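In case you want the letters, here they are:
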Amino acid sequence: KHQLNLIIEYIQNHLDKDLGLKELALLLHMSPHYFCHLFKQSMGITPHQYVIQTRVDRAKELLLSGKYSIAQVAFIVGFANQSHLNRHF
């Protein structure tokens, strides 16, 4: 539970970074396969799906604020470009 909270907090604070399975697993000193298995067991979705979902949720918040363009929001939350954000939105 503690490790899950750490990784969720890390994801939420580093959405603009590359959050690959290998990098996330290394943070908890686990193999990527084992980390993925435990994460999916705990959260019901894979780490990648969680990262995408979190990025989309944060993008919604930023778009509703009206402070940023769609392209800026895509960059802020870690999508490669506006098209990548649109595809997941």
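Residues numbered from 1 in each chain as written. Predicted model: local features only at pLDDT ≥ 70, side-chain atom pairs only at ≥ 80, totals over all residues. Heavy atoms only, no water.

Right, let's talk about helix 1 (residues 2-13) for a bit. In a regular helix each residue adds 1.5 Å, so 12 residues correspond to 16 Å; helix 1 covers 17 Å between its end C-alpha atoms and thus fits that length. Within helix 1 the residues assigned to the buried category are Leu-4, Ile-7, Ile-8 and Ile-11. Taken around the axis of helix 1, the buried residues stretch over an arc of 100 degrees, which confines them to a single face. Residues of helix 1 that are exposed and point over 90 degrees away from its buried face: His-2 and Asn-13. If you follow the buried residues of helix 1, they end up packed against helix 2 (21-27), helix 3 (32-43) and helix 4 (47-65). (Helix = DSSP H or I, 4+ residues; strand = E, 2+ residues; numbered from the N terminus. Expected span 1.5 Å × (residues − 1). Buried < 20%, exposed > 50% of the residue type's maximum accessible area, 1.4 Å probe, protein only. Arc of directions from axis to C-beta. Contact = heavy atoms within 4.5 Å.)

Our next topic: the environment of Leu-6. With respect to the helices and strands, Leu-6 occurs in helix 1. A C-alpha to C-alpha distance of 9.2 Å links Leu-6 and Leu-27, two positions 21 residues apart in sequence.

Here we come to the confidence of the model for the protein. The predicted model of the protein has a mean per-residue pLDDT of 94, with 100% of residues at 70 or higher. Per-element confidence in the protein is highest for helix 4, whose mean pLDDT is 96, and lowest for helix 6 (residues 82-88), whose mean pLDDT is 92. (pLDDT = per-residue confidence, 0-100.)

This paragraph deals with the packing of helix 1 against helix 3. Two elements in contact, helix 1 and helix 3, have axes whose closest approach is 11 Å; the angle formed by their N-to-C orientations is 95 degrees. Taken together, the axis directions place helix 1 and helix 3 in an arrangement best described as roughly perpendicular. Contacts from Leu-4, Ile-7 and Ile-8 of helix 1 reach helix 3 at Phe-35, Phe-39, Ser-42 and Met-43. The residue makeup of the contact of helix 1 with helix 3, split by class, is six nonpolar, one polar and no charged. (Axes fitted to C-alpha atoms, helices over the stretch in contact; angles between N-to-C directions. Parallel < 35°, antiparallel > 145°, perpendicular 65-115°, else oblique. Nonpolar A, V, L, I, M, F, W, Y, C, P; charged D, E, K, R; others polar.)

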